[in-house]
Amino acid sequence: MKEMWDKRYSAEDYAYGTEPNDFFAEQLAKIKSGSILLPAEGEGRNAVYAARMGWDVHAFDLSREGKSKAQKLAETHQVNIQYQIAECSEISFRKGTFDAIGLVYAHFPPDKKSMYHKQLDQYLKSGGIVILEGFSKSHPEVSKSNEKPMGPPNPAMLFSLDEIKKDFNNYEIIDLKEEQVALNEGEYHVGMGAVIRFVGRKK
C-alpha cells in the first residue's frame, strides 16, 4: 500500500486537489477550534485547511511523498502542521489529547478497521467530535459510469451505517447518513460516489 500511495503522490499535481473535502470543511466550521487529528491524511488538503482555521493540527499517513506534498501546501499557506509518516498501529498519543478527529476517506484494511477506530477513539476527549466521510458499500454500483474508478478496490474496506454505529457506539450521533454525491476533488475523486457521512460527539 505504501508504494502505491508514494507513486500516486509523487506527481506534481495534488491527487485529490488542494481544497478541503466539502463535508469536512462544513462540519469543522460548526465547532470551536482546538486540537485535531487527521489519520491517513495524504497530501494535507484537510490538515492545511484546519490549520488555516486556527486548529492545532496533527496528521499521519503511510506515504513519505504525501507528507512532502502536505508540508509544501502548508508552507504555501504559511501554517504549521505536525505530520508523522506512520500507519495507525505505529502512532501513540495520550488519552484524551484531541478535541476532534477527521476521518476523510480513511479506508483501513478490513481486518484492522474497527480496531483502528477504537484506538483513535482513545485519543479523543470526552465531548470531542469525529467527522467522517468515506465510500459506502453501495459505492461500486453507483460509480460504475464514472470515467475513472474511485475508492478502495477491496469492498471490505468500504463503510456501512451499521459498522459506523458499532465502531462508534459510545458517541452521540449528530449526523449519520448514506447518500450519493457528485465529487470533484483533484484527479482521483471525480464523478458520482456513494458515501457515508458521520458526525458524532464522544460521550
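In short, a report on the structure. Predicted, not measured: the structure shown is a model, and the values here were computed from it.

## Quick word on the sheet that holds strand β2 (residues 56-61)
In sheet architecture, strand pairing relies on hydrogen bonds along the backbone and comes in two forms, parallel and antiparallel. Taken in spatial order, the seven strands make up an open sheet running β3-β2-β1-β4-β5-β7-β6, and their pairing is mixed. Unpaired on one side and paired on the other, β3 (82-85) and β6 (171-185) mark the two borders of the sheet. Across this sheet, the average inter-strand angle for adjacent strands is 15°, counted without regard to direction. Alignment of β2 against β3, held across four bridges, turns out to be parallel. Note that in β3 the partner of Asp 61 across the bridge is Ile 85. Against the sheet, helix α3 (residues 45-52) makes contact with β1 (35-38), β2, β4 (98-104) and β6, and its axis sits at roughly 175° relative to β2, the strand it touches most.

## Brief notes about the pattern of salt bridges
A full pass over the atoms with the stated rule returns 14 salt bridges. For Glu 43, the salt bridge is made with Lys 69, and the minimal N-O distance between the two is 2.6 Å. Here Lys 69 lies in helix α4 (residues 64-76) and Glu 43 lies in the loop between β1 and α3, a separation of 26 residues in the sequence. Taken individually, Glu 43 and Lys 69 each receive the classification buried, so the pair is uniform in this respect. The closest approach of N and O atoms between Glu 185 and Arg 45, which form a salt bridge, is 3.2 Å. Pair noted here: Glu 185 is in strand β6 and Arg 45 is in helix α3, with a separation of 140 residues, a long-range link. Exposure class is identical for Glu 185 and Arg 45. Each is buried. Here the residues in one salt-bridge network are Lys 113, Lys 137 and Glu 163, joined through shared partners.

## Notes on helix α1 (residues 2-9)
The complete set of buried residues in α1 reads Trp 5, Asp 6 and Tyr 9. With its buried residues spanning 100° around the axis, α1 presents them on a single face. Within α1, the exposed residues directed more than 90 degrees away from the buried face are Glu 3 and Lys 7. Among the structural elements, β2 and α4 are those in contact with the buried residues of α1.

## Some words on the pairing of strand β5 (residues 124-135)
Of all twelve residues in β5, nine are buried, a share of seventy percent or more. You can see the chain leave β4, run along helix α5 (residues 113-122) and come back into β5, and the turn it takes is right-handed. Inspection of the sheet shows β5 paired to strand β7 (residues 189-202) by seven bridges, in the antiparallel sense. Across the sheet, Gly 134 pairs through a bridge with Ile 196, a residue of β7.

Reading guide: rules and limits
- Residues numbered from 1 in each chain as written.
- Predicted model: local features only at pLDDT ≥ 70, side-chain atom pairs only at ≥ 80, totals over all residues.
- Heavy atoms only, no water.
- Pairing = 2+ DSSP bridges.
- Helix = DSSP H or I, 4+ residues; strand = E, 2+ residues; numbered from the N terminus.
- Axes fitted to C-alpha atoms, helices over the stretch in contact; angles between N-to-C directions.
- Contact = heavy atoms within 4.5 Å.
- Salt bridge = Lys/Arg side-chain N within 4 Å of Asp/Glu carboxyl O.
- Buried < 20%, exposed > 50% of the residue type's maximum accessible area, 1.4 Å probe, protein only.
- Arc of directions from axis to C-beta.
- Right-handed = clockwise from strand over helix to strand, strands pointing away.

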